[in-house]
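Structural features, examined
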Amino acid sequence: MSLRHVVVDSAAQSLEGLRDGATLLVGGFGGAGLPRAIIQAVLALGVRELTVISNNAGADADDLSLWFTAGIVRKIVCSYPRSAKAFAVAYRAGTVELELVPQGTLIERIRCGGAGIGGFYSPVGIGTVLTEGKRVERIDGRDYVLEKPLRADFALLKGRQADTMGNIVYNKTARNYSPVMATAADTVVFEVDEIVPVGGLDPECIVTPCIFVDRVFLGDRA
């Protein structure tokens, strides 16, 4: 029986099938765990009208700010857009839509998308604009808002190591949302710092198993 092999030659090759109007999950918490080579490759691909689901909207460096400057994002779903001047300019100009989601709610919505769960009830945001237009239920005397799952066409993620089957190890807290995001997209792409043969990773250290991973490439290969 042949082993599953997911390694591709470049960031550009890892994005095969990405089209205008796609929804993208993008890992990273600030600069930690940010798939920078993939971000550049998406920009070079020339796709537009993207919906982006991420923790933040960049911080005016080689991050998601590049996408807002280029005008390729139609909507972003995130919890912290305030550090990104390029996003702010686009938002005030009315060229990009923002769905602001509390951080814990954001990751739980993604987890539901990966687990095939139809949503969950949360007390977070009750009585604020964050719940406007959403279904609210009273449960045991307390109001809860229905939060629906999030899924994407592509998840663009960063790991420290992968083996040639696509098992992933992260660099400490740089894993952030990536293990959950890897469960919630049709195509899951990892940019990594090192690729080792099967058996080269301690099984006890593997965080994202290969069953969730479609493509892996070395981060220095644009």
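Model, not experiment: these values are computed from the prediction.

In terms of helices and strands, the protein chain carries six helices and 11 strands. Its C-alpha atoms give the protein chain a radius of gyration of 18 Å, near enough to 17 Å, the size a compact globule of 222 residues would have. When each of the 222 residues of the protein chain is scored for burial, the buried share is 48%. When contacts within the protein chain are restricted to residue pairs at least 6 apart in sequence, those whose partners lie at least 24 apart make up 71%. Carbon together with sulfur atoms contributes 51% to the accessible area of the protein chain, which is approximately 10,700 Å² in total. On the protein chain, the mean spot of the 23 positive side-chain charges and the mean spot of the 25 negative ones are 4 Å from each other.

On to the pairing of strand 6 (residues 136-139). Sheet analysis places strand 6 next to strand 7 (residues 142-147), joined by four bridges and oriented antiparallel. The residue of strand 7 that forms the bridge with V136 is V145.

With that settled, consider the side chain of Q161. Take Q161: it is sitting in strand 8 (residues 152-163). Using a relative accessible area of 13% as the deciding quantity, one classes Q161 as buried. Polar contacts involving the side chain of Q161 include one to the side chain of E194, which spans 2.8 Å. Those residues within four positions of Q161 in sequence are excluded, and the remaining contacts are N167, I168, V169, V192, E194, V196 and L201.

Next up on the list: the packing of aromatic side chains. Considering all chains together, one arrives at three aromatic pairs under this definition. Where F68 meets F87, the ring centres are 5.4 Å apart and the plane angle is 75°; that geometry is what we call edge-to-face. With F68 in helix 3 (residues 65-70) and F87 in helix 4 (residues 85-92), this residue pair connects regions lying 19 residues apart in the sequence. Judged on exposure class, the residue F68 and its partner F87 are both buried. Clustering of aromatic rings is evident, with ring pairs tying together F68, F87 and Y91.

This part covers unusual backbone geometry. The phi angle of most residues is negative, glycine excepted, and most peptide bonds adopt the trans form. For E49, which is not a glycine, the phi torsion comes out positive at approximately 60°. Backbone geometry at N176 places phi at a positive 30°, although glycine is not the residue there. Along the chain, N176 turns up in the loop between strand 9 (168-169) and helix 6 (178-181).

For the rest of this paragraph, the subject is the side chain of T51. Considering the arrangement of structural elements, one finds T51 in strand 2 (residues 50-54). By relative accessible area, which is 10% here, T51 ends up buried. Not counting the four nearest positions on each side in its chain, T51 is found in contact with A22, T23, L24, R74 and K75.

Glancing now at the nonpolar core. The biggest cluster of nonpolar side chains holds 33 residues, and the ones touching the most others in it are L24, V42, W67, F68 and L156. Per-element accounting of this core gives the leading share, five residues, to helix 2 (residues 36-45). Here L156 is in contact with L15, L24, L25, V26, G27, P35, I38, V42, W67 and V189, once residues within four sequence places are set aside. Ranked by size, the runner-up nonpolar core spans 24 residues in total, among them I53, L157, Y177 and A184.

Rules used in this analysis
Counting starts from 1 at the beginning of each chain's written sequence and moves along it residue by residue. Selection of residues for local features in this predicted model requires a pLDDT of at least 70, selection of side-chain atom pairs for listing and counting requires 80 or more, and totals for whole chains, interfaces and linings are taken over all residues. Working from all heavy atoms in the structure, the side-chain values ignore hydrogens and water. For the purposes of this entry, the term helix denotes a DSSP run of H or I that reaches at least four residues, the term strand denotes a run of E that reaches at least two, and both are numbered from the N terminus. Throughout, the radius of gyration refers to the C-alpha atoms, and the reference size of a globule is 2.2 Å times the residue count to the power 0.38. Relative accessibility decides the category of a residue: with a 1.4 Å probe and only protein chains considered, values under 20% of the type maximum give buried, values over 50% give exposed, and everything between is partly exposed. Should any heavy atoms of two residues lie within 4.5 Å, those residues are considered in contact. Per-residue and other accessible areas were derived by the Shrake-Rupley procedure at a 1.4 Å probe size, with only the shown protein chains allowed to occlude residues. Asp and Glu count as negative and Lys and Arg as positive, but His and the ends of the chain are not part of the count. Every charge is mapped onto a representative atom, which is NZ of Lys, CZ of Arg, CG of Asp or CD of Glu. DSSP-based pairing: two strands are paired if at least 2 bridges between them are found. Pairing of N or O atoms within 3.5 Å defines a polar contact, subject to two protein rules: one partner must be a possible hydrogen donor and the other a possible acceptor, and residues neighboring in sequence count only if both atoms are side-chain atoms. Pairing of aromatic rings covers Phe, Tyr and Trp, the last counted by its six-membered ring, and requires centre-to-centre distances within 6.5 Å; plane angles under 30 degrees mean stacked, over 60 mean edge-to-face, and any other angle means tilted. To define a nonpolar core, start from buried Ala, Val, Leu, Ile, Met, Phe, Trp, Tyr and Cys residues and group those joined through side-chain atoms within 4.5 Å.

So far we have only geometry, and geometry alone does not tell us how the molecule works.
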